[in-house]
Number of protein chains: 2
Amino acid sequence: MKIDYNEIIYKLKGTKVPKPVSGTLSGHAAGEPCDKHVTTLLKNKYADKVFRQYEYLNYLFTKNPDNIGVEARNALFNSPTLVFLLSRGKNATDKWSIDSPFEEKQNDTADILAVDNGFYEIIDIKTRNISKTTQPPNIISAYKLAQTCAKIIDNKEYDTFDINYIEIDWELEGNELVCKDAHHRKLFKANPSDLYINWAAAMQIQFHVVNLDQSFTGSKEKWAREYLKHFVEQAKKRSKDLIEKFVKPFEKYIK
Amino acid sequence: MKIDYNEIIYKLKGTKVPKPVSGTLSGHAAGEPCDKHVTTLLKNKYADKVFRQYEYLNYLFTKNPDNIGVEARNALFNSPTLVFLLSRGKNATDKWSIDSPFEEKQNDTADILAVDNGFYEIIDIKTRNISKTTQPPNIISAYKLAQTCAKIIDNKEYDTFDINYIEIDWELEGNELVCKDAHHRKLFKANPSDLYINWAAAMQIQFHVVNLDQSFTGSKEKWAREYLKHFVEQAKKRSKDLIEKFVKPFEKYIK
């Protein structure tokens, strides 16, 4: 199975979802119905292969009732990198049972997982109110991505997963959010050294999905090494900037 | 006029405010009615001296119609430090008029200002849902506070303003938020070198108001210099930590 993103984008355009009941249309609340709508579209087309992240964990552990405890359950992924990206905490994984399954968590890595034949498509949905000028959203922690790249290299996991972003540009019309446009980009096709890291905002990589370049043509190993080079350079730069901006101007006041 | 914080705290305990209409009781939404309630209590007692920050700016500029433009308006404060803490942007201050006054902004420094005889009490309200274990809230940007301290020293402004925090501990009972307890602390009575700076969370100083020590007995100049010493030390530490945590572990992957 290969997800036909062009078809999903085509289907998204023009769709309408009811406005959320809560008063404000800021951030998370407004995005949620769009996010759920993509999940439904994908589930309708790729039945049994598409999950919310927590649904996949529940599915995987339910299907393998003999794998008990955190080690046995994490082994089901057959991938240290995916364990790092997708699993819940040790304690929670240890205690998981059919009677007390996982629920959705806001800081899960993936909104949607498409799993087929041991290959994982991580899909994250970013919604954008196009009637407003908005800051680029938080995409993923730059540190988490650095750890991911290190694990990719350590375990030679060059073909176990991909990371995709879908941007939904919506506008309020009456009582409905109307999807005016939609965009799909692949993280590992973007030039890693152009990714913007906002150190003060919890080290988040930030971009509008539509603006993500797709010019990188190297291997995933090359991507991982180039990203790590970029991350280390940026961390060094931030380390210096802290001294320039927050130490030097104030030293004269300290006796 | 000196605000009797003990009396305000006494009056707050046991008071009830209607639950906000929006569904969730998280963060900002839940706090707002409590915050407004303190404003009302203070306004009832200290009529004409208590303002929301934007109300004070509107009051000050309205009362001085001949002061036109950003420089003349900022001069009304008679304090570069208070201009830094309380004024809006240059452009907004320039364009202000009686017909288009300021409205409340979420990132204003003060929730409440009590102004008497050229002395400013900045009062910030922090609300806390005591049925939950919550992280200490963002208090003020550590950088903004460093700039404030530098201005205090540069302009010898040792007696023009004070910064106060009020914590309201509330619990939901039926359809009402009930104030179970309340606490008042003064920033410049806290030991500056104990303030926790969360660098990754936009450099915010974070604490639960009730936990703020009040052991500092030195002058405001001494407080400002000790805070700047602490800020510079912490910036240096953060600068080193970035190298230890985000550079060294990843250098081996970079050819």
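Residues numbered from 1 in each chain as written. Chains lettered and ligands numbered in written order. Predicted model: local features only at pLDDT ≥ 70, side-chain atom pairs only at ≥ 80, totals over all residues. Heavy atoms only, no water.

S.K.: What exactly am I supposed to notice about the environment of A150 of chain B here?
M.R.: When you line up the elements, A150 of chain B lands in helix α7 (residues 142-154). Separated by 69 residues in sequence, A150 of chain B and T81 of chain B have C-alpha atoms that sit 8.9 Å apart. Beyond its immediate sequence surroundings of up to four residues, A150 of chain B is in contact with F250 and Y253 of chain A together with L228 of chain B. (Helix = DSSP H or I, 4+ residues; strand = E, 2+ residues; numbered from the N terminus. Contact = heavy atoms within 4.5 Å.)

S.K.: Honestly, the environment of A224 of chain B in this entry has me stumped. Any pointers?
M.R.: Residue and element names in this part refer to chain B. Assignment of secondary structure puts A224 in helix α8 (residues 220-247). Relative accessible area serves as the criterion here: at 0%, A224 is assigned to the buried category. A C-alpha to C-alpha distance of 35 Å links A224 and D66, two positions 158 residues apart in sequence. If sequence neighbours within four positions are ignored, A224 has contacts with C149, I152 and I153. (Buried < 20%, exposed > 50% of the residue type's maximum accessible area, 1.4 Å probe, protein only.)

S.K.: Mind showing me how you'd approach the relation of the copies chain A and chain B here?
M.R.: The operation relating the two chain copies consists of a rotation about an axis and a shift along that axis. Superposing chain A onto chain B takes a rotation of 180 degrees plus a shift of 0.1 Å along the axis, which leaves an RMSD of 0.0 Å. The superposition operator between the copies reduces to a two-fold rotation axis. The share of interface residues of chain A whose copies in chain B are also at the interface is 100%, consistent with both copies meeting through the same surface. (Least-squares fit on C-alpha atoms with pLDDT ≥ 70 in both.)

S.K.: Explain the packing of aromatic side chains to me, please; I cannot follow it from the model alone.
M.R.: A full pass over the atoms with the stated rule returns 38 aromatic pairs over all chains. The interplanar angle of 25 degrees and the centroid separation of 6.1 Å between the aromatic rings of Y227 of chain B and F231 of chain B together place this pair among those described as stacked. Of this pair, Y227 of chain B and F231 of chain B both sit in helix α8, 4 residues apart, which is roughly one turn of that helix. There is no split in this pair, since Y227 of chain B and F231 of chain B are both buried. A network of ring pairs unites the aromatic residues Y143, F161, F188, W199, W223, Y227 and F231 of chain A together with F246 and F250 of chain B as a single cluster. (Phe/Tyr/Trp six-rings, centres within 6.5 Å; stacked < 30°, edge-to-face > 60°.)

S.K.: Would you explain the nonpolar core in this entry?
M.R.: Across soluble globular proteins, nonpolar side chains show a tendency to be buried alongside one another. Core analysis: the biggest nonpolar cluster contains 107 residues, and I205 and Y227 of chain A together with I205 and Y227 of chain B have the highest contact counts within it. Leaving out residues up to four positions away in the same chain, Y227 of chain B has contacts with A142, L145, A146, C149, P192, L195, I197 and I205 of chain B. (Core = buried A, V, L, I, M, F, W, Y, C linked by side-chain atoms within 4.5 Å.)

S.K.: Sorry, what's going on with the confidence of the model for chain A here?
M.R.: In the predicted model, chain A carries a mean pLDDT of 93, and the fraction of residues at 70 or more is 96%. Reported confidence for the predicted complex is 0.91 by ipTM and 0.88 by pTM. (pLDDT = per-residue confidence, 0-100.)

S.K.: Teacher, can you tell me more about the side chain of D35 of chain A here?
M.R.: Mapped onto the fold, D35 of chain A is located in helix α2 (residues 27-45). Other than its neighbours up to four places away in sequence, D35 of chain A contacts R52, D111 and I125 of chain A.

S.K.: Explain the pairing of strand β4 (residues 119-129) of chain A to me, please; I cannot follow it from the model alone.
M.R.: Within a regular strand, side chains alternate between the sheet's two faces. All names here are of chain A. Burial runs high along β4: 8 of the 11 residues are buried. Alignment of strand β3 (residues 112-116) against β4, held across 5 bridges, turns out to be antiparallel. Residue D116 lies in a different strand from β4, and its bridge partner there is F119. Hairpin connection of β3 to β4: 2 residues between the antiparallel strands, including N117 at a positive phi of 60 degrees. Bridge analysis of β4 against strand β6 (residues 161-173) gives 10 bridges, and the strand direction is parallel. Its bridge partner lying in β6, T127 is registered against I168. (Pairing = 2+ DSSP bridges.)

S.K.: How do you make sense of the sheet that holds strand β7 (residues 176-186) of chain A when you look at a structure like this?
M.R.: Across a sheet, strands are paired by hydrogen bonds formed along the backbone, either parallel or antiparallel in direction. Residue and element names in this part refer to chain A. Reading across from one edge, β1-β7-β6-β4-β3-β2 is the order of the 6 strands in this open sheet, with mixed pairing throughout. The sheet is open, and its two borders are formed by β1 (16-18) and β2 (50-52), each paired with just one other strand. The sheet shows a mean angle of 35 degrees between the axes of neighbouring strands, direction not considered. Strands in contact with helix α1 (residues 5-12) are β4, β6 and β7; relative to β7, the strand with the most contacts, it is inclined by about 165 degrees. (Axes fitted to C-alpha atoms, helices over the stretch in contact; angles between N-to-C directions.)

S.K.: What should I look at first to understand the pattern of salt bridges in this one?
M.R.: Should the charged atoms of two oppositely charged side chains come close, the side chains can pair. Residues and elements named next belong to chain A. A complete count under the given rule lists 38 salt bridges over all chains for this structure. Close ionic contact of E104 with R52 constitutes a salt bridge, the shortest N to O distance being 2.9 Å. With E104 in the loop between α6 (90-95) and β3 and R52 in strand β2, the pair connects residues that are 52 residues apart, well separated along the chain. Judged by relative accessible area, E104 falls into the partly exposed class, the value being 36%. Look at the salt bridges and you will find they share partners, linking E7, K11 and K45 into a network. (Salt bridge = Lys/Arg side-chain N within 4 Å of Asp/Glu carboxyl O.)

S.K.: Where do I start with the interface of chain A and chain B in this structure?
M.R.: Accessible area lost during the coming together of the parts is what is often quoted as the interface size. Listed by partner, the interface residues are 31 residues for chain A and 31 residues for chain B. Both sides of the chain A and chain B interface together cover about 2,800 Å² of buried area, and 73% of this is carbon and sulfur. Our count for the contact surface shared by chain A and chain B stands at 2 salt bridges. Ionic pairing is found between E251 of chain A and K236 of chain B, a salt bridge with its closest N-O pair at 4.0 Å. For the interface between chain A and chain B, the tally reads 7 residue pairs in polar contact (both at pLDDT 80 or more). Among the elements that make up the side of chain A that touches chain B, the one with the highest residue count is helix α8 (residues 220-247) of chain A (15 residues). For the side of chain A that touches chain B, a count of residues per class yields 20 nonpolar, 2 polar and 9 charged. (Buried area = accessible area lost by both parts, 1.4 Å probe. Polar contact = N/O pair within 3.5 Å; in protein donor to acceptor, adjacent residues only side chain to side chain. Nonpolar A, V, L, I, M, F, W, Y, C, P; charged D, E, K, R; others polar.)

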